[in-house]
Amino acid sequence: PCPPGVLSLRCRPPSWHRAARQLPPAPCRAFSNNKIQVDLDESSGVATMKFKSPPVNSLSLEFLTEFSISLEKLENDRACRGVIITSAIPKIFSSGLDIMEMCGKNVEHYGEFWRAVQEMWLRLYGSNMVTVAAVNGSSPAGGCLIALSCDYRIMAENPKFSIGLNEAQLGIVAPFWFKDTFVNVVGHRIAERSLQLGSLHPAPEALQLGLVDELVPEEKLLEKASAVMARWLALPDHARQLTKSMMRKAVLDRLVTHREEDIKYFINFISKESIQKSLRMYMEMLKKKKS
Ligand code: CO8
């Protein structure tokens, strides 16, 4: 059923939708990518992006570049109105930024890497498409940012999966635009506490905090994401897009205006020996935990 105030599909004027319905029938198109599988169902106008970068979908420079290019392609494709983002790797949505990209590299590399992180966020947070995160595994830091940047978050109801901006645990600090995105979802108080503690919230707690919108059994995740998507797509694109832009513009503009400064800040911060040491210790801790 349609939400109150929304016309049912049958009585909606065709001009509300983009050109999808005028295209010749071509039910599904796939982009062949290395790290992300993209499938576009032209009959519904919905694409699915599946992260498939083992072992943990960490956001390397290559991954981020591919992500931004895929989003740009979909954004420019009149047959696509919405994207569901999920993972093909069991138990992991994304482990966040690839720590190896931030360890022992030169300043040119740090600059290029950070620009790619910014680009990914600007494209996703500023997307005109409806974006739904189907979080089917753990989702720390940059992984959480991806989910937070979507319009709606559904998570698998497994308490072993956790999500949050845990940067403080690594001895680093979430940038202002990670923080802004987080505050816009959960509010100032919850974000402040969670960021200072670098908390990773198990799925039930994430729901309670409003960090995710709903939990469903893992096997129902994609079905639920499609249902949510259909509901959001039932609105006229132009009205929804302008509303989204109104809600997000100030936060997007803040990074656009301070982009170069933010890159310089990152390079300076990450190049510090004390920060490098913290990251190395964190990587060692991950390896120890494994053995
Ligand atoms: N980057 C690089 N390598 C990683 C990462 C990562 N983010 N996460 C895991 N790996 C590696 C592990 O070291 C391990 O490598 P190896 O096989 O060589 O030993 C391999 O991936 C598999 O990892 P695990 O054995 O730990 O796999 P599990 O399935 O047991 O656990 C988890 C998966 C839960 C994802 C776990 O690996 C984990 O907690 N990873 C760390 C996640 C994390 O803390 N990410 C934060 C990244 S920082 C970020 O995103 C924002 C930074 C903002 C910077 C701001 C500066 C100014």
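For clarity, every value in this text was computed on a predicted model and none was experimentally measured.

(A) Just the layout of surface pockets, in detail. By volume, the largest pocket amounts to about 1100 Å³. Lining the largest pocket we find 42 residues, and of these Ser 95, Leu 97, Ile 99, Tyr 282 and Leu 286 sit closest to its centre. Those elements that place two or more of their residues in the lining of the largest pocket are β7 (137–140), α4 (176–186), α9 (259–271) and α10 (273–290). Examining the composition of the lining of the largest pocket, we find that seven residues originate from one element, α10, more than from any other. For the lining of the largest pocket, the per-class residue count stands at 27 nonpolar, nine polar and six charged.

(B) Layout of the site of the ligand. Inspection of the region around the ligand gives 28 residues, with Ser 95, Leu 97, Ile 99, Tyr 282 and Lys 290 positioned closest. Within the contact set of the ligand, a nitrogen atom lies 2.9 Å away from a backbone nitrogen or oxygen of Ile 99. In this structure, Lys 287 approaches the ligand through a side-chain N or O atom, which is 3.1 Å from an oxygen atom. The protein chains hide 80% of the 1100 Å² of surface that the ligand would expose on its own. Among the secondary structure elements, those contributing two or more residues to the shell around the ligand are α9 and α10. Residue classes in the shell around the ligand are distributed as 18 nonpolar, five polar and five charged.

(C) Highlighting the packing of helix α2 (residues 107–125) against helix α3 (residues 142–149). Their axes nearest at 9 Å, the elements α2 and α3 cross at an angle of 25 degrees. Compared by their axis directions, α2 and α3 come out roughly parallel. Note on packing geometry: the crossing formed by α2 with α3 is right-handed. In this structure, α2 contributes Met 120, Trp 121, Leu 124 and Tyr 125 to the contact, and α3 contributes Leu 145, Ile 146, Leu 148 and Ser 149. Taken together, the residues of the contact of α2 with α3 sort by class into seven nonpolar, one polar and no charged.

(D) Looking closely at the packing of α4 against helix α5 (residues 188–197). Packing of α4 against α5 brings their axes to within 7 Å, and their N-to-C directions diverge by 130 degrees. When the interaxial angle is binned, α4 and α5 end up oblique. For the pair α4 and α5, the sense of crossing is right-handed. Contacts between α4 and α5 involve Lys 179, Phe 182, Val 183 and Val 186 from the former and His 188, Ile 190, Ala 191, Ser 194 and Leu 195 from the latter. Partitioned by chemical class, the residues of the contact of α4 with α5 number six nonpolar, two polar and one charged.

Conventions we followed
- Residues numbered from 1 in each chain as written.
- Predicted model: local features only at pLDDT ≥ 70, side-chain atom pairs only at ≥ 80, totals over all residues.
- Heavy atoms only, no water.
- 1 Å grid on protein atoms, 1.4 Å probe; cavity = no way out; pocket = protein on both sides within 12 Å on 5 of 7 lines; lining within 4 Å.
- Points joined across faces, edges and corners; volume = space filled by probe spheres on them.
- Helix = DSSP H or I, 4+ residues; strand = E, 2+ residues; numbered from the N terminus.
- Nonpolar A, V, L, I, M, F, W, Y, C, P; charged D, E, K, R; others polar.
- Near = heavy atom within 4 Å.
- Polar contact = N/O pair within 3.5 Å; in protein donor to acceptor, adjacent residues only side chain to side chain.
- Areas by Shrake-Rupley, 256 points an atom, 1.4 Å probe, with all protein chains shown as cover.
- Axes fitted to C-alpha atoms, helices over the stretch in contact; angles between N-to-C directions.
- Parallel < 35°, antiparallel > 145°, perpendicular 65-115°, else oblique.
- Left-handed = near helix turned anticlockwise from the far one by under 90°.
- Contact = heavy atoms within 4.5 Å.

Function-wise, these values are silent; they only describe arrangement.
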